[in-house]
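Below, each chain spelled out in residue letters.
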Amino acid sequence: MLRPHALPATLFAVALMTPSLCRSETLQADAQSVASKWDAAYNGGDMDTLAKLYAPDAIVVTKGGAQTSDGIQKFFAGLKAKGWDEHKTTVKSALPKDNLLIVSGRWEMTGPGDGGAKKKFEGNWVNVLEKRDGVWRTVLHTWN
C-alpha cells in the first residue's frame, strides 16, 4: 500500500516514464508498418515498390554477400522467381539511436522443399532504418 506522502513521487515517476513508453510503442508501430509494407511489396511481386523502401546507399547482407543499389531489387526478384513466397515479418523491438531505428524480430516464408513441396522457413532479422525527408528507409538489412 502506498503511503499518502509517497503518492506524489510515484505519480511523478509514472509521468516521466509514460512519454518514453508511448514513444517506444510508436517507434515499434512505425517499424512494423515499414516491415508490413516490405512484406506486401515482396509478396505482390512489386520489386519497384520494395526497392523504394531502401535508402539509395542501403546494404542488404545476404548469404552470398552484400547487395547494394540495383542489386537489392535483383536479389529479391530472384528469390521470388525461385518460389520463395508468403513472407511475413514480425517486429519484436525498435531501439532509437539518433536518427536511426534499430529494428529486430522474426521472419518467415515458404520456399522450395523436398519433391517440389512448399516448406516453411523462419529466422531472425535486423534492419537499421534511417529517417530521411520524414520517411523511414532501410539502410541495413540482414537475417539468419
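Worth saying up front: this structure is predicted, and the values here are computed from it rather than measured.

A. Local environment of the pattern of salt bridges. On inspection of all chains with the given rule, the structure shows 5 salt bridges. E122 is the partner of R106 in a salt bridge, and the nearest nitrogen-oxygen pair spans 3.5 Å. Here E122 lies in strand β5 (residues 118-132) and R106 lies in strand β4 (residues 100-112), a separation of 16 residues in the sequence. Exposure remark for R106: the relative accessible area of 31% places this residue in the partly exposed category. Using a relative accessible area of 48% as the deciding quantity, one classes E122 as partly exposed. Three or more residues joined by partner-sharing salt bridges are found here, namely D57, E130 and R132.

B. Molecular detail of the nonpolar core. With 26 residues, the main nonpolar core has W38, Y42, L50, Y54, F76, L101 and V103 as its most contacted residues. Looking at this core, the element that brings in the most residues is helix α1 (residues 7-43), giving 7 residues.

C. Summary view of the pairing of β5. Relative to β5, β4 is paired through 13 bridges, and the arrangement is antiparallel. Within β5, the position partnered with M109 by the bridge is F121. The turn linking β4 back onto β5 is made up of 5 residues, and G115 within it adopts a positive phi angle of 65°. Pairing of β5 with strand β6 (residues 135-143) involves 8 bridges; the strand directions are antiparallel. The residue bridging E130 from the neighbouring strand is R137, located in β6. Counted between consecutive antiparallel strands, the loop separating β5 from β6 contains 2 residues, among which D133 sits at a positive phi close to 55°.

D. View of the confidence of the model for the protein. Confidence in the prediction of the protein, expressed as mean pLDDT, is 88, and 84% of residues score 70 or more. Of the regions scoring below 50 in pLDDT, residues 7-21 engages in 2 contacts with residues more than four places distant in sequence or in other chains.

E. Structural context of the sheet that holds β4. Strand order in this open sheet of 6 strands is β2-β1-β6-β5-β4-β3, and the pairing throughout is mixed. Among the strands making up the open sheet, the edge pair consists of β2 (65-68) and β3 (85-97). Pairwise comparison of adjacent strand axes, ignoring direction, gives a mean angle of 25° for this sheet.

Criteria and cut-off values
Counting of residues starts from 1 at the beginning of each chain's written sequence and follows it residue by residue. This being a predicted model, a pLDDT of at least 70 is required before a residue's local features are given, and a value of 80 or more before pairs of side-chain atoms are given or counted; all residues contribute to the totals for chains, interfaces and linings. By convention in this description, side-chain values take in all heavy atoms of the structure and omit both hydrogens and water. For this document, the term salt bridge refers to a Lys or Arg side-chain nitrogen within 4 Å of an Asp or Glu carboxyl oxygen. A run of DSSP states H or I qualifies as a helix once it reaches four residues; a run of E qualifies as a strand once it reaches two. Both are numbered from the N-terminal end. Here's how the labels work: a residue is buried when its accessible area is under 20% of the maximum for its type, exposed when over 50%, partly exposed in between, all with a 1.4 Å probe on protein chains only. To form a nonpolar core, buried Ala, Val, Leu, Ile, Met, Phe, Trp, Tyr and Cys residues must be joined to one another through side-chain atoms within 4.5 Å. If DSSP finds at least two bridges between two strands, the strands pair. A score from 0 to 100, pLDDT tells how confident the predictor is in each residue. Pairs of residues are marked as contacts when any of their non-hydrogen atoms sit within 4.5 Å. Axes, fitted as lines to C-alpha atoms, cover a helix only where it is in contact. Angles between the N-to-C directions of the axes lie from 0 to 180 degrees.

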